[in-house]
Amino acid sequence: MTEYERVEVETSGETVGEARWAALHELERRFPALHRDDVQFVVLSEGERGLLGVGYQPARVLASVEVDSAAAQPVVVRHSAPVDESAAAARVRDLLTRVLDALAIEGGLEIVERDGVVTGTVTGTDLGLLIGKHGQTIDAIQYLANAIMHRREEEPAEVVVDAEGYRKRRERTLHEVAVKATAEAASTGRDVALEPMTSVERKIVHTKVQSMAGFATASEGAEPNRYVVVRLDHGE
């Protein structure tokens, strides 16, 4: 005799329709044989767009369906969002959720907003695909998130995308980059321009270089392609 159990997924989106789509996508990914007509929805909140993003609240729905208990799997809910989440945080959550789904990565997602920086941290056991070789994939995702933010928000927040402590490792790499840049500046006497970085990463480089006597830094270019220039400090 087949036993059934009810699986529930709470999701959010800019509209009720988007939240329902996210719920169906999550359930269908876990249960390919799922019939959409069997899914029941309860609207928890219709959301509120707010003026210029102020007072934004995402729409939230609770989707439930009965599935064969033998096929049931623990549900990783990463679409749910706090009721008071800002528009910027919700935008980052939506982007990263879509990325994780597209890469078929099983992982949790935590969004933290503090001092104008929105940090999206992915947790899981195997995040190599998300990080990519030398961090190229996660850096590209972070770059994309910042580009979207600067394009759509009047006062864009900085976006940091992290995965299982990668950014700490990235900080060590940036320290090495800063040291190499000062060595090049000292040997050539010329300014050394680094690759485009977020303001968070530029601050790491600024701090490291300025801790070494005889060197100075400056940020040049326009977001999201702003970069650090390392030069000799002539004391002018």
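See the structure printed just above.
Every value quoted in this text rests on a predicted model; they were computed, and no experiment measured them. (Residues numbered from 1 in each chain as written. Predicted model: local features only at pLDDT ≥ 70, side-chain atom pairs only at ≥ 80, totals over all residues. Heavy atoms only, no water.)

Engineer: Before we move on, can you summarise the nonpolar core with the specific residues and values?
Structural biologist: With 24 residues, the main nonpolar core has V92, L96, I111, V118, V122, L130 and A163 as its most contacted residues. Elements supplying a minimum of two residues to this core: α2 (87-102), β4 (108-114), β5 (117-123), α3 (128-131), α4 (136-152) and β6 (158-163). In terms of residue count, the dominant contributor to this core is α2 (seven residues). Those residues in contact with L96 that lie beyond four places of it in its chain are L109, I111, G120, I141 and V161. (Core = buried A, V, L, I, M, F, W, Y, C linked by side-chain atoms within 4.5 Å. Buried < 20%, exposed > 50% of the residue type's maximum accessible area, 1.4 Å probe, protein only. Helix = DSSP H or I, 4+ residues; strand = E, 2+ residues; numbered from the N terminus. Contact = heavy atoms within 4.5 Å.)

Engineer: Any details on the packing of α4 against helix α5 (residues 166-188)? Residues and values, ideally.
Structural biologist: If you want to describe how two helices pack, look at the angle between their axes and the distance between the axes. One can describe the packing of α4 onto α5 by two numbers: an axis separation of 12 Å at closest approach and a directional angle of 95 degrees. When the axis of α4 is compared with that of α5, the two are roughly perpendicular. Only Y166, R167 and R170 of α5 make contact with α4, whose side of the interface consists of I138, D139 and Q142. (Axes fitted to C-alpha atoms, helices over the stretch in contact; angles between N-to-C directions. Parallel < 35°, antiparallel > 145°, perpendicular 65-115°, else oblique.)

Engineer: Would you mind going over the sheet that holds β6 in detail, with residue names and values included?
Structural biologist: Read across the open sheet, the three strands follow the order β4-β5-β6; overall the sheet is mixed. Of all strands in the sheet, those bounded by a partner on one side alone are β4 and β6. Going from strand to strand, the sheet's axes swing by 15 degrees on average, the running direction of each strand aside. Against the sheet, α2 contacts β4, β5 and β6, and its axis sits at roughly 155 degrees relative to β4. (Pairing = 2+ DSSP bridges.)

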